[in-house]
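Notes for the structure review
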Amino acid sequence: MKNLMTWFPVIGVGLLLTLFAIALLRPTEGGGDPIIGQRVSDLDLPLEAVSFTQAGFAPDVLEGPYLLNVWASWCPPCRIEHPYFEYLSDQGVPIYGIIYKDEEADAARFLDQLGNPFAGLAADRDGRAGFELGVTGPPETFIVDADGVIRARWRGAVTDIVWIQRFAEPWAEAGGQPISWPEVQ
């Protein structure tokens, strides 16, 4: 009996840890991401105009499907994903960019060097729009469907592999046209 009493706290802690693990790892609708399924128009996205471009946008009035990309010139993964956004833009995918906590001059230089795949740009100087979207840091990309509902999110650089594994299906479900990737030699 004394041996059982010695192990009781260990068993109790083990059971609690198991319950916590089950609760945290249990799949939920939308992959557990609370932003999935929300309408962009319901979010308070305090975006500002960008002075170096004529093409601004207001996410609550855009017609989808489209990609919404939160990026910054100081963000190394944003440089990694940029060629893929150029390719997607060339394929006809509308991409709207939110410049996150960045200087406009730096963002303009970034786009001058690498090209501008964005159909429209807006600035999030103080990070409030990012907060509304649940952004943890750039880059983050969202698929928004024709009804303005967020269907998918990716935290990190979007690459062809990420597109194929994580975005192709939600993009098709959102009504987006198929993307053809060039064959690798």
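Up top is the structure.
To start, this report covers the structure provided alongside it. (Residues numbered from 1 in each chain as written. Predicted model: local features only at pLDDT ≥ 70, side-chain atom pairs only at ≥ 80, totals over all residues. Heavy atoms only, no water.)

The next point concerns the environment of Leu43. Structurally, Leu43 is set in the loop between helix H1 (2-25) and strand S1 (66-71). A relative accessible area of 11% means that Leu43 is categorised as buried. Along the primary structure Leu43 and Pro59 are separated by 16 residues, whereas in three dimensions their C-alpha atoms are 9.4 Å apart. With sequence-adjacent residues up to four places away left out, Leu43 is seen in contact with Ile35, Gln38, Glu132, Leu133 and Ile150. (Helix = DSSP H or I, 4+ residues; strand = E, 2+ residues; numbered from the N terminus. Buried < 20%, exposed > 50% of the residue type's maximum accessible area, 1.4 Å probe, protein only. Contact = heavy atoms within 4.5 Å.)

Working note: α-helix, 3.6 residues per turn, so residues spaced by three or four point in the same direction. With 15 residues, helix H2 (residues 76-90) should reach 21 Å at 1.5 Å per residue; the first-to-last C-alpha distance of 23 Å fits that figure. The principal kink in H2, of about 35°, is found at His82, preceding the proline Pro83 by one to four residues. Among the residues of H2, those classed as buried are Cys78, Glu81, His82, Phe85 and Leu88. (Expected span 1.5 Å × (residues − 1). Bend = angle between axes of the 7 residues up to and from the residue.)

Attention now goes to the pairing of strand S3 (residues 120-124). The element S3 is largely enclosed, with a buried count of five among its five residues. On the question of chirality, the crossover connecting strand S2 (residues 95-100) to the parallel S3 by way of helix H3 (residues 104-114) is right-handed. (Right-handed = clockwise from strand over helix to strand, strands pointing away.)

Moving on to the pairing of S1. In terms of residue burial, S1 counts as a mostly covered element, since six of its six residues are buried. Side-chain alternation along S1 places Tyr66, Leu68 and Val70 on one buried face and Leu67, Asn69 and Trp71 on a second face that is also buried. Two elements, S1 and strand S4 (residues 140-144), share five bridges in a ladder whose sense is antiparallel. If you follow Val70 over to S4, its bridge partner there is Glu140. Note: S1 against S2, five bridges, orientation parallel. Each bridged residue has a counterpart across the sheet, and for Trp71 the counterpart in S2 is Ile99. For the handedness criterion, the β-α-β arrangement of S1, H2 and S2 is classed as right-handed. (Pairing = 2+ DSSP bridges.)

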